[in-house]
Amino acid sequence: MASEQEDVERARVLLKDLRASIDNIDAAIVYMLAERFRCTEAVSYLKTQHNLPPADKVREAEQIERLRRLAADARFNPDFVEKFLNFLIANVIRHHEAVNEGRNDVDLVHR
Ligand SMILES: C=C(O[C@@H]1C=C(C(=O)O)C=C[C@H]1O)C(=O)O
């Protein structure tokens, strides 16, 4: 039978391993968010140049529906995904509006 001390040692090894994966995943999230905002911030300038409205509710609804489906597929909570997407979209719209008003104070990406 494993001693209490051996159990704790095994848990420490497992924790270290899990944290190494968490570190890799967090790095991927940062790079992916940077790329998403690089695209959406370019969309801001495109929309301003062509007088298009900042928000596109049809596109947003399609995105939410699609990502909720993907979440369910991944056995992940669709409500969490919807909230997270809405957080991203709110920041994108804020940026679209700022560009419309000629401001660059809410830029998240350095050019
Ligand atoms: C980026 C866009 O602008 C807004 C932001 C969206 C998003 O972050 O996914 C989706 C629709 C728009 O309300 C777009 O129209 O594609």
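Residues numbered from 1 in each chain as written. Predicted model: local features only at pLDDT ≥ 70, side-chain atom pairs only at ≥ 80, totals over all residues. Heavy atoms only, no water.

Going by what an unreviewed UniProt entry lists, the protein chain is known as chorismate mutase and is assigned to Mesorhizobium denitrificans.

This part is about the packing of aromatic side chains. In the structure shown here, the tally under the stated rule is 1 aromatic pair. When the ring of Phe76 is compared with that of Phe80, the centres are 5.5 Å apart and the planes differ by 65 degrees; the resulting orientation is edge-to-face. (Phe/Tyr/Trp six-rings, centres within 6.5 Å; stacked < 30°, edge-to-face > 60°.)

By the element assignment, Lys47 lies in helix H1 (residues 4-49). Setting aside its immediate chain neighbours within four residues, Lys47 contacts Leu52, Pro53, Pro54 and His96. (Helix = DSSP H or I, 4+ residues; strand = E, 2+ residues; numbered from the N terminus. Contact = heavy atoms within 4.5 Å.)

This part takes up the site of the ligand. Within the structure, the ligand sits among 14 residues, and Arg36, Lys47, Asp56, Glu60 and His96 are positioned closest to it. Measuring from an oxygen atom of the ligand, one finds a backbone N or O atom of Asp56 at 2.8 Å. At a separation of 2.5 Å, an oxygen atom of the ligand approaches a polar side-chain atom of Glu60. Out of a free accessible area of 360 Å², the ligand has 89% covered by protein chains. Elements with a minimum of two residues in the shell around the ligand: H1, helix H2 (57-73) and helix H3 (78-100). (Near = heavy atom within 4 Å. Polar contact = N/O pair within 3.5 Å; in protein donor to acceptor, adjacent residues only side chain to side chain. Areas by Shrake-Rupley, 256 points an atom, 1.4 Å probe, with all protein chains shown as cover.)

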